[in-house]
Every structure is written in structure tokens, then in C-alpha cells.
Amino acid sequence: MAEQTRVLSARWGTPGGARIDDYVSSGGYEGLRKARQMSREDIIELVKTSGLRGRGGAGFPTGTKWSFLPADVRPSYLVCNGDEGEPGTFKDRQLMEEDPHQLIEGMAICSFAIGTTEAYLYVRGEFALAARTMERAIGEAYERGFLGRNVLGSDWNLDIILHRGAGAYICGEETAMLESIEGRRGQPRLRPPFPATHGLYGNPTVINNVETLACVPHILVRGAEWFRGLGTEKSPGPKIFSISGDVERAGNYEVPFGTPARVLIEELAGGVRGGKQLKAFTPGGSSSTPVFGPDKLDTNMDWESVQAAGSLLGTGAVMVFAEDACMVRAALRFTRFYEHESCGKCTPCREGTYWLSQALARFEAGEGHEEDLDVMVDAANNILGRSFCALGDFANAPVTSTVKLFADEYKAHIRNKGCPFER
Amino acid sequence: MSASTPEMQRVDERAYEPTGRPRPEHIAPPSGERGPDAPPLSEEFHRDAKRLLDRYPTKRSALMSLLYLAQAEQGFVSRGAMREIASMLELTAAQVAAVATFYTMFKRGPAGRWLVSVCTQPPCYLAGAQRVMERLERELGVRCGETSSDGAITLESVECLCICDGAPVVQVNYEFYERLTEDGAAELVAKLRAGEPPPPTRGDVPQPWRETHRRLAGLDGPAPSRASQAQ
């Protein structure tokens, strides 16, 4: 029976684990103390050596991102992306709700390394509990001198400002997030210039995901070698996989990168619910990640292996569909999501997602035509690469991969004049 | 308020929605110009707004917080509130309306005291979210996107709430109710009608509309020291 490797989730579920006393007494803020004894360059070098890569979906090397900031332009900013909204993903919410100080410490270390005195934490608006928990924890950190004027008795000051979203998935896109903090519609910016030089308020900005920053204190305390000892060579460290859908025990499971999907689904999550057969699963949420059939269960869950198998690791959200789940309906729900969340700036995304969801709804209502399958794939491929940000691209995979893998199911909807599934 | 918006009645959209239900994009008319109005914002609003403005390096960054605060006071973001906030932040009313109409948590018409949000994404639909939604509609006597006739409860469907291990998930004023059954949904409605929301599956008991939105405005959050600028 597989065991979890609990690093980021080690304090989850313990009563009082969210309060500062428990955090400090279990070794918390040691990473920040250690960082304060180091030079900024050494911290960035350490994070680079650890191989830490961004957990928000793209997997960009974190230390390299930090090193892009010009040293002589001030002020610079850190923005932590807590706008989790990817269907099937629920790790960042739990990281904020159940161990807020781990995140604050990670933000503080990063802020020190990049030489900023002002960090923003963008929390999704609907995460009322996570935002309250973070507010309380930030207040505690100010009281104890981990934030505010003269952090830990040094000459360095740091403020963390919590900014709530208000219901827009697109604000998880980094430049849309900057727009949102600046008090505008969350519409992505054209790049270049990149946020590293022209970010928040036009100044150099690092934007990191919650889970990424939560790794940082552990790297400071236990070292880069320890971090590299988990996971694979190119995808080192622990990773929280969010497993949901038709499994016995849905939940967040923390394991080293490279753990096979079979271990996650069959062992940790207890297999498909009710002893049913597996029909499909998403390796990394719905965005840009073609769904896998049961033949891909032995794929190792790291960036390289999942990509080699024909999909993307994304945020590590594993949604499991049993034999009696309707994949047309799944594709429709995903596409409705992108249609709803498209910011409307770029025509291919705004109109493409609309027409895709119309076509899918027609199938689900039993009024689809076989030629629509080609039309949908054509429409989806015409969104790809034709918009400012990746949201339009995200909408492609749920449609094209289900049409490819489950064409028979689409046709069954036509023959049956409606959805052939009970659920 | 049980009228649906012009967008919701687009025929092509309704015809192919599998459940025959229009999607609730907006709880009020979408345009900042056509929305309902309300009395001017109070002195208390302006006092609280000052605190929120001080958090940011630019005034405009406080806009979303101020919209939450206006919504706490008036129940929704009125045209008048948009104009007042615009003049506070030295923006045009159109710039404020652009933001107020972009984010779904800003409502531009009166909503119920309790906002019931049902997740519709795959992990929840696999767990029976559709049946929960239908039961809620029956209990409330409204369709998704509408407010019950007593004005107490507004029902909406939302995208993934990112708590998929608790599917099917419903939020009441942004507090989580996980693994909700159809009967649980009926019970939830009865308790909300009585003004006594049951404890959620995590976090605090939902607060009424005004308190919820004052919290969302960030009034409880710590104020930054801004030590660097002071030096």
C-alpha cells in the first residue's frame, strides 16, 4: 500500500495547526531565519539548485524566474497566485486554509531574495475561509515580527497585502492578476514586456503559485539535495495531486513527482468508486490536458512523462471518470467553463468557446450530427495559438481529446437521440 | 426579483442547454447604465473606504474592495455607488462599471439575503449536482439565476469551487457545504428561510449578506505598515 510523502501537507488536519504558536514550535520560520543569514544571490542559487519548478501549471524553474528581476529597479513586487480555479484542483485552497504560515514564510523568503518590501497575496474571491485564515495569519506574523518593520530585527521591512478576487478564473493568468490588483478588468496583457521587468504598477514583479512558495521554507531548512532526492531528475520535489470524481477516497495526496497514476488512483484514492471500470482520467485538470484512457494508468506523474504520453501535468488535478460517466457531458461542462471564463478580449477564444459549447450541448440533447465532430475539432484548432493568453488554448484539449478517444460515445448520442447514460 | 436578464433569454442558448435551463450569468441587468439605483452611500462607507484606500500604492487598486463595501451597504452595486466610487478614485463611471460588470461576485441588482451557489463542474456533476440543483429549484420555486419570491434566497450555478473532494458542493454566502444530498438541500433551504443557516462542513456559519460583503471588502485584514515608504 502506497504511503504519502507529507512535506507541504505535514501540518494538515492537526488541531491548531493553522495558528502561529504551533507553526513556530514545529520548526516554522526557521527557513526565514536561515535566509536572513544568507545573501540574496545565495538564496536564489539554492532555489535554482533545488530544481523547484512552478506548481501553477507551467512548471517554469522558480529560481530562474527570481533571477530575471533587474537588481537596480525599485520598487519590485512579489505576487502570490492564490486564485485557484482550475476544474478539479483544490490544493492551494487547502494549503491556505490549513497551513497559512508556511505560505507566509515562503513569501517572505522569496521577497527577501528578490529584494522587495511589498508582497501581494491574491486570493480567489469565493475562498472566504482561506482568505480569512490568511488574514488572521498575516496579522499574527506582524505581531511576532516576521512581517512589518525590521523583520526579525533586521533593517529589512516587508508588508503582505491580501487582495481578494471577485469571481473570475482568468485572474489566475499572471498578467490578468496584475490588472486585477491594479483595479481593472482581469484581462491578460500582451507580452513582452514580461512581468519580470514590467509587472505590477509597471515595476519588476515575480508571480508564483501558492504551492511553489510553500516549498521554499523546506528547501531553506533541509537543503537542495534533500529536495532533489524526491521526485525525478527534471521534476524534483513533492507534489500535491488533487484526486476527484469517481474514486472511493477523493482528496489531496502528496507524493514525490513521478509516482505512477495507477498508485494515485488505485491505491491512495482507493480505486474507482463502486468497483466500476475506469473510463478516463485527466492527468492535470481540464486545461490543455487531453484526457487519458485506462491504457495510460502506468504513466509516471511528472512533467516529462505525462507530456511524453501525450498530455500535460498542469496543476496535477486527477479527475476520474467511471465506465458509466458521459464524456460528452464532461466535455460540455469543461467547455461551458471556458466559455463562461473567457474574458472576451480575443475573438477566437470568446466566439470559439461559445460555438464549441453550442455544438456539444446539441450532442448532449441528441440533436448532434456526425459532421459536427469534424467541425468541433476544426473550431477548437482555430482557437489554438490565436489569443493573448492560454485560456483559449485550454479549451481545445477537452474537445479534441474526447472526440478522438470517445467518438463512439458521440455517435451513440446521435443514434440514441440523447444521452445514453443514466447519470 | 424573479425576472431573468435579456442575455439569459437568448433563444439559441436555451434551446441547446441540456437541462433546458438558461445559464445565470448575471443576477441583474449587465450594463452599468441600465442597472437599478439606490440612495447615496453613507458616511460610514466613506470612513471605511478611507482605510481600504490606504492599503495600496494607487487609489484604483482599492476599487474591488470598495465595490464589495458598496454591495455590503446596498445589497448590490448600484449606479449611484459606481458614480460615487468613481469620483473617490478619480476614475470615470465607465471605468468603474467596466470592473463591476466583469467579476461575477459583484451583483448589479438586489439579490437574496442568502446566495446559494451550486458547482456544476464534472466532479460535482458525477456526484449528482444536477439533482441537487433541481431539488433546490423545486424547494425555492425559482429557476437557477433567480431569487425566491420572499426575497430571502438567490440560487445560482457557478464554475469549479475547487473543493472537489467534497462533491457535490454548494456555497451559502461563500461558505462550503460538502457532499450535499437532495434531502440535505431541502433541509438547507428550510433553515435558510428560518434565518438559521446550519454549520457548514468547514469554517464559520455563513453571515448574512451585509456582514459577508464587509468581510470580503477586507475590513478585518491587517493594515500594512508601509514602513519602507515612511523612511
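The structure reproduced in this document is the subject of the present report.

Criteria and thresholds
Residues numbered from 1 in each chain as written. Chains lettered and ligands numbered in written order. Predicted model: local features only at pLDDT ≥ 70, side-chain atom pairs only at ≥ 80, totals over all residues. Heavy atoms only, no water. Helix = DSSP H or I, 4+ residues; strand = E, 2+ residues; numbered from the N terminus. Polar contact = N/O pair within 3.5 Å; in protein donor to acceptor, adjacent residues only side chain to side chain. Contact = heavy atoms within 4.5 Å. Axes fitted to C-alpha atoms, helices over the stretch in contact; angles between N-to-C directions. Parallel < 35°, antiparallel > 145°, perpendicular 65-115°, else oblique. Nonpolar A, V, L, I, M, F, W, Y, C, P; charged D, E, K, R; others polar. Buried < 20%, exposed > 50% of the residue type's maximum accessible area, 1.4 Å probe, protein only. Buried area = accessible area lost by both parts, 1.4 Å probe. Salt bridge = Lys/Arg side-chain N within 4 Å of Asp/Glu carboxyl O. Left-handed = near helix turned anticlockwise from the far one by under 90°. Core = buried A, V, L, I, M, F, W, Y, C linked by side-chain atoms within 4.5 Å. Pairing = 2+ DSSP bridges. Phe/Tyr/Trp six-rings, centres within 6.5 Å; stacked < 30°, edge-to-face > 60°.

## Quick look at the side chain of Thr-353 of chain A
All names here are of chain A.
- With respect to the secondary-structure elements, Thr-353 resides in helix H13 (residues 347–364).
- A polar contact is formed between the side chain of Thr-353 and the backbone oxygen of Cys-349, at a distance of 2.6 Å.
- Once you skip the residues sitting within four places of it in the chain, Thr-353 turns out to touch Thr-335, Tyr-338, Glu-339, Ser-342, Pro-348, Ile-383 and Ala-395.

## Overview of the packing of H13 of chain A against helix H17 (residues 407–415) of chain A
Residues and elements named next belong to chain A.
- Packing of H13 against H17 leaves a shortest axis separation of 8 Å and a crossing angle of 60°. Comparing their axes, H17 and H13 come out oblique. Counting all contacts with H13, which are made through Leu-360, Phe-363 and Glu-364, the residues of H17 involved are Tyr-410, His-413 and Ile-414.
- The residue makeup of the contact of H13 with H17, split by class, is four nonpolar, one polar and one charged.

## Brief notes about the environment of Phe-421 of chain A
Residues and elements named next belong to chain A.
- Relative to the elements of secondary structure, Phe-421 occurs in the segment after H17.
- Looking at Phe-421, the relative accessible area reads 22%, which means it is partly exposed.
- Contact partners of Phe-421, with chain neighbours within four places excluded, come to Lys-279, Glu-323, Asp-324, Ala-325, Cys-326 and Glu-409.

## Focus: the interface of chain A and chain B
- Listed by partner, the interface residues are 78 residues for chain A and 62 residues for chain B.
- Across the interface of chain A and chain B, roughly 5,700 Å² is buried in total on both sides, 54% from carbon and sulfur atoms.
- Scanning the region where chain A abuts chain B turns up three salt bridges.
- Between Glu-175 of chain B and Arg-132 of chain A there is a salt bridge, with its nearest N and O atoms 2.8 Å apart.
- At the junction of chain A with chain B, the criterion picks out 23 residue pairs in polar contact (both at pLDDT 80 or more).
- For the side of chain A that touches chain B, the element with the highest residue contribution is helix H12 (residues 327–341) of chain A, accounting for 10 residues.
- Taken together, the residues of the side of chain A that touches chain B break down into 31 nonpolar, 20 polar and 27 charged.

## Quick word on the environment of Phe-388 of chain A
Residues and elements named next belong to chain A.
- Summarising the element assignment, Phe-388 is placed in the loop between helix H14 (371–383) and helix H15 (391–394).
- Accessibility expressed as a relative area gives 36% for Phe-388, which makes it partly exposed.
- Non-local contacts of Phe-388, meaning those with residues more than four positions away in its chain, are made with Pro-188, Arg-189, Leu-190, Arg-191, Lys-345 and Cys-346.

## Considering the packing of helix H7 (residues 129–140) of chain B against helix H8 (residues 182–193) of chain B
All names here are of chain B.
- Here H7 crosses H8 at 35°, and the two axes come no closer than 9 Å. By crossing handedness, the relation of H7 to H8 is classed as right-handed. Here H7 contributes Arg-131, Val-132, Arg-135, Leu-136, Glu-139 and Leu-140 to the contact with H8, which in turn contributes Glu-182, Asp-183, Ala-185, Ala-186, Val-189 and Arg-193.
- Its residues assigned to classes, the contact of H7 with H8 shows six nonpolar, no polar and six charged.

## Some thoughts on the side chain of Ser-65 of chain B
Residue and element names in this part refer to chain B.
- Take Ser-65: it is sitting in helix H3 (residues 63–74).
- By relative accessible area, which is 11% here, Ser-65 ends up buried.
- Excluding its chain neighbours within four sequence positions, the residues that come into contact with Ser-65 are Leu-52, Tyr-56 and Ala-217.

## Some points on the nonpolar core
- In this structure, Met-376 of chain A together with Ile-85 and Tyr-103 of chain B are the most contacted members of the largest nonpolar core, which totals 89 residues.
- Apart from the residues lying within four places of it in its own chain, the contact partners of Tyr-103 of chain B are Tyr-122, Ala-166, Gly-167, Ala-168, Cys-171, Ser-180, Arg-184, Arg-185 and Gly-186 of chain A together with Met-64 of chain B.
- If you look at the next biggest cluster of nonpolar residues, it comprises 72 residues, including Leu-78, Cys-80, Leu-121 and Ala-137 of chain A.

## So, the pattern of salt bridges
Residue and element names in this part refer to chain B.
- Inspection of the entire model under this criterion finds 45 salt bridges over all chains.
- Across the pair Arg-214 and Glu-44 runs a salt bridge, and its minimum N-O distance is 3.7 Å. With Arg-214 in helix H9 (residues 209–216) and Glu-44 in helix H2 (residues 43–53), the pair connects residues that are 170 residues apart, well separated along the chain.
- Residue Glu-44 is classed as partly exposed on the basis of its relative accessible area, which comes to 30%.
- A salt bridge links Glu-182 to Arg-131; its shortest N-O distance comes to 3.4 Å. Of the two residues, Glu-182 is situated in helix H8 and Arg-131 in helix H7; the sequence distance between them amounts to 51 residues.
- For Arg-131, a relative accessible area of 45% puts it in the partly exposed group.

## What to know about the sheet that holds strand E8 (residues 317–322) of chain A
Residues and elements named next belong to chain A.
- Pairing in this open sheet of four strands is mixed, and the strands run E6-E5-E8-E7 from one edge to the other. Only two strands of the sheet have a single partner each, and these edge strands are strand E6 (251–256) and strand E7 (278–282). This sheet shows a mean twist of 25° between the axes of neighbouring strands, independent of strand direction.
- Judged from the six bridges that link them, strand E5 (residues 238–245) and E6 form a sheet pairing that is antiparallel. Within the sheet, the bridge partner assigned to Ile-240 lies in E6 and is Glu-254.
- Taken strand by strand, helix H5 (residues 91–98) contacts E5 and E6, and its axis lies near 115° from that of E5.

## Observations concerning the packing of aromatic side chains
Residues and elements named next belong to chain A.
- As enumerated under the stated definition, the model contains 18 aromatic pairs over all chains in all.
- With a centroid separation of 3.8 Å and 5° between ring planes, the pair formed by Tyr-29 and Phe-146 is classed as stacked. Of this pair, Tyr-29 sits in the loop between helix H1 (20–25) and helix H2 (30–36) while Phe-146 sits in the loop between helix H7 (128–143) and strand E3 (159–164), placing them 117 residues apart in sequence. Of the two residues, Tyr-29 and Phe-146, both sit in the buried class.
- Considering the side-chain rings of Phe-257 and Trp-303, the 4.8 Å spacing of their centres and the 35° angle between planes classify their relative orientation as tilted.

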